[in-house]
Amino acid sequence: MSKLWGGRFEGATDRLVEEFTASIGVDARLWEVDVRCSIAHARMLGGTGILPEAEARALVAGLEALGEELRSRFERGEAVFRPEAEDVHSEIERLLTERIGAVAGKLHTGRSRNDQVATDTRLYLRERSDALAQELHGLESWLVGAAEQHLQTVLPGLTHTQHAQPVSLAHHLLAYFWMFERDRERLADCRRRLDVLPLGSAALAGTSFPLDREQVARELGFGRVSENSLDAVSDRDFVVEFLGAASLIMMHLSRLAEELILWSTPEFGFIELSDAVTTGSSIMPQKKNPDVAELIRGRTGRVNGALVAALTMLKALPLAYNRDLQEDKAALFDGLDTAHSCVRLMTRMLRDARFRTERMARACESDYSNATDLADFLVEKGVPFRQCHEIAGRMVRDCLERGIGLEAMPLERMREFSPHFDETVHERIRPRVVMAARASQGGTAPAAVAEQLRRAHLLV
Ligand code: ARG
């Protein structure tokens, strides 16, 4: 078939140029939303009398049948679109023409590919973003469920990757819950600005046909129609916003992945990942590698790259549509696919991981992570905190020299550092008691975490 825009041209397009400008390899996946968008447009053309009812009906019926055909052909894995095609919009119009003849040429009345592609992309992203939010919800539910089991499980809380103070595994897992909850909020927020229909803006300036844009918006489930045709066809803020949200999701996943990698080393030994999500080595028979976690960590860069690509594509772009904008989809789809599969695989990996809680508990022994509480003990006796810090520091040094933990220092020895120590001190500095003492709102004590869990439950 000749090109959608062939009339003005005398000479043929260079083959290299055709290949260079084509987007079918990337935008083929928009076929389903493209057909839906065209059906809504055709119905409106009939409803407003811009086209005779019979022609509009022929268009709608043809598009519906084409949609069915495409679905089953794609399901069978057939190559439906010609590799040399320009884009998904021209291919669908070509296939519709094959099916219903010349009347297919009326579909593009009052429409341009510029508003069409902006509409398709919004529709597609809306659905995929909802699916991603659903996947995040699954991860969050797992985190809440696991936290419920581990209110009393202690592990060393770290700062600077050094033992700091004991925390509960529940508290640690819920920290990730809140990150992913913010991510889900961000997706919901992006969705509000995604909810705008560009169709009806035509190429850039609107159209002379009396379109009913509200009808199209209703049919496609958009809450609003765009206010300015120039803005509508050039706006890809929603791509940037989504990729920003996806980059944060990936950043959060990468932090969790990194911890799982560390935790599965023999040095930590806090977690054992299942055979189903780990891989072996072609040379070292003993290996069980956390490749899934590593790939999640590694793919974070891809989504960050997609965000930068989208921002850079838009920078200094004059109004209105420019072909640069075609580059939005490669970035968007890669970001979408990557974030989606990474959230899914993270959930899968966590679901059958085994926490080695005895290793976590042992790591809290003799690790001086109760030194703050030793100081706090003296504070409670009325000694100024600065002085307490100094005393506890000297006690740590003394124990280090002897190769023992603070809890192994006898009371008589402690009293040499401060007469305020009494027989209750050893109980007070046990890891579990230390953890339970941090009962401030949002703290790691089981009572505080139970309250945190209650709030988390309201959200999943
Ligand atoms: N394939 C184009 C894109 O993805 C849509 C077509 C608009 N092309 C044009 N020459 N105005 O942006």
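Everything numeric here is computed off the predicted structure, so don't read it as measured data.

**Regarding the overall build of the protein**
Within the protein one finds 19 helices and six strands. Over its C-alpha atoms the protein spans a radius of gyration of 31 Å, topping by over 25% the 23 Å that the globule rule assigns to 460 residues. Here the protein holds 460 residues, and 49% of them are scored as buried. Residue pairs in contact within the protein that sit at least 24 positions apart in sequence constitute 76% of those at least 6 positions apart. Summed over all atoms, the accessible surface of the protein reaches about 22000 Å², with 53% contributed by carbon and sulfur. Here the protein holds 58 positive side-chain charges and 69 negative ones, and the gap between their average locations is 2 Å.

**So, the nonpolar core**
Counting residues in each nonpolar core, the largest one holds 107 residues, and the members touching the most others are F81, F242, L253, M346 and M349. By residue number, the principal contributor to this core is helix α10 (residues 237–263), which donates 15 residues. Beyond its immediate chain neighbours, meaning those up to four positions away, M346 contacts L139, L253, L256, A257, L260 and I296. Grouped together as the second largest cluster of nonpolar side chains are 21 residues, A371, A375, C388 and C399 included.

**Some points on the packing of helix α7 (residues 169–194) against α10**
Two elements in contact, α7 and α10, have axes whose closest approach is 9 Å; the angle formed by their N-to-C orientations is 165 degrees. Regarding the angle of α7 to α10, the classification is roughly antiparallel. Judged by the twist between their axes, the crossing of α7 over α10 is left-handed. Residues L169, H172, Y176, M179, F180, R182, D183, R186, L187, C190, R193 and L194 of α7 touch α10, and the partners they reach there are F238, E241, F242, A245, L248, I249, H252, L253, R255, L256, E259 and W263. Broken down by class, the residue content of the contact of α7 with α10 amounts to 15 nonpolar, two polar and seven charged.

**Re the site of the ligand**
In the vicinity of the ligand, the residues found are S23, D87, R113, N114, V117, Y321, R323, Q326 and K329. Between a nitrogen atom of the ligand and a side-chain N or O atom of D87, the distance comes to 3.1 Å. In the environment of the ligand, a nitrogen atom lies 2.9 Å from a nitrogen or oxygen atom belonging to the side chain of Q326. The greatest single-element share of the shell around the ligand, amounting to three residues, is contributed by helix α6 (residues 113–149). Tallied by class, residues from the shell around the ligand come to two nonpolar, three polar and four charged.

**Observations regarding a nonpolar patch on the surface**
A grouping of L4, W5 and F9 is seen on the molecular surface, where their side chains present a nonpolar patch of about 270 Å² in accessible area. Within the secondary structure, W5 is located in the segment before α1 (15–21). On the basis of relative accessibility, which here comes to 32%, the residue W5 falls in the partly exposed class.

**A few points about the pairing of strand β1 (residues 154–159)**
Pairing analysis gives six bridges linking β1 to strand β2 (residues 162–168), with the strands arranged antiparallel. Looking across to β2, one finds that V154 is bridged to S168. Where β1 hands over to β2, the hairpin turn is made up of two residues, of which H160 adopts a positive phi near 55 degrees.

**Overview of the packing of aromatic side chains**
All chains considered together, the criterion is met by nine aromatic pairs. Here the aromatic rings of F74 and F81 are separated by 5.6 Å at their centres, their planes lie at 70 degrees, and the arrangement is edge-to-face. Of the residues examined, F74 reaches a relative accessible area of 29% and is grouped as partly exposed. Between Y124 and F333, the ring centres sit 5.1 Å apart and the planes meet at 65 degrees, which makes this aromatic pair edge-to-face. A residue pair is termed long-range when its members are at least 10 positions apart, and Y124 in helix α6 and F333 in helix α12 (residues 328–351) qualify at 209 residues.

**Focus on the pattern of salt bridges**
With the rule as written, the count across this model stands at 49 salt bridges. Between E86 and R113 there is a salt bridge, with its nearest N and O atoms 3.0 Å apart. Taken together, the residues span a long stretch of sequence, with E86 in the loop between α4 (53–75) and α5 (88–100) and R113 in helix α6 at a distance of 27 residues. A relative accessible area of 15% means that E86 is categorised as buried. A salt bridge links D352 to R348, with the nearest nitrogen and oxygen atoms 2.6 Å apart.

**Remarks on the packing of α6 against α12**
Look at α6 against α12: their axes get within 9 Å of each other, and the N-to-C directions meet at 15 degrees. When the axis of α6 is compared with that of α12, the two are roughly parallel. When you trace α6 past α12, the crossing you get is left-handed. By residue class, the composition of the contact of α6 with α12 is 15 nonpolar, five polar and seven charged.

**Digging into the environment of V17**
Note that V17 resides in helix α1. The exposure class of V17 is partly exposed, given its relative accessible area of 39%. Sequence spacing of V17 and H163 is 146 residues, and the spatial spacing of their C-alpha atoms is 60 Å.

**Comments concerning unusual backbone geometry**
Cis rather than trans, the peptide bond between L319 and A320 has omega equal to 0 degrees. Looking at the element boundaries, A320 is found in the loop between α11 (291–314) and α12. You will see that A202, though not glycine, has its phi angle at about 55 degrees, which is positive. Mapped onto the secondary structure, A202 falls in the loop between β3 (196–197) and α8 (213–220).

**Re α5**
Between its first and last C-alpha atoms α5 spans 18 Å; for 13 residues at 1.5 Å apiece the expected length is 18 Å, and the two agree. Every buried residue belonging to α5 is among V88, H89, S90, E91, I92, E93, R94, L95 and L96, and all of these are buried. Packing partners of the buried residues in α5 comprise α2 (24–27), α3 (31–47), α4 and α6. After α5 finishes, the residue G101 shows a positive phi value of roughly 80 degrees.

Each value, and the rule that gives it
- Residues numbered from 1 in each chain as written.
- Predicted model: local features only at pLDDT ≥ 70, side-chain atom pairs only at ≥ 80, totals over all residues.
- Heavy atoms only, no water.
- Helix = DSSP H or I, 4+ residues; strand = E, 2+ residues; numbered from the N terminus.
- Rg over C-alpha atoms; globule rule 2.2 N^0.38 Å.
- Buried < 20%, exposed > 50% of the residue type's maximum accessible area, 1.4 Å probe, protein only.
- Contact = heavy atoms within 4.5 Å.
- Areas by Shrake-Rupley, 256 points an atom, 1.4 Å probe, with all protein chains shown as cover.
- Lys, Arg positive; Asp, Glu negative; His and termini not counted.
- Charge placed at Lys NZ, Arg CZ, Asp CG, Glu CD.
- Core = buried A, V, L, I, M, F, W, Y, C linked by side-chain atoms within 4.5 Å.
- Axes fitted to C-alpha atoms, helices over the stretch in contact; angles between N-to-C directions.
- Parallel < 35°, antiparallel > 145°, perpendicular 65-115°, else oblique.
- Left-handed = near helix turned anticlockwise from the far one by under 90°.
- Nonpolar A, V, L, I, M, F, W, Y, C, P; charged D, E, K, R; others polar.
- Near = heavy atom within 4 Å.
- Polar contact = N/O pair within 3.5 Å; in protein donor to acceptor, adjacent residues only side chain to side chain.
- Patch = residues over 30% accessible without salt bridge, like charges linked within 9 Å, V, L, I, M, F, W, Y side chains within 5 Å.
- Salt bridge = Lys/Arg side-chain N within 4 Å of Asp/Glu carboxyl O.
- Pairing = 2+ DSSP bridges.
- Phe/Tyr/Trp six-rings, centres within 6.5 Å; stacked < 30°, edge-to-face > 60°.
- Expected span 1.5 Å × (residues − 1).

These results come straight from atomic positions and should not be treated as a statement about function.
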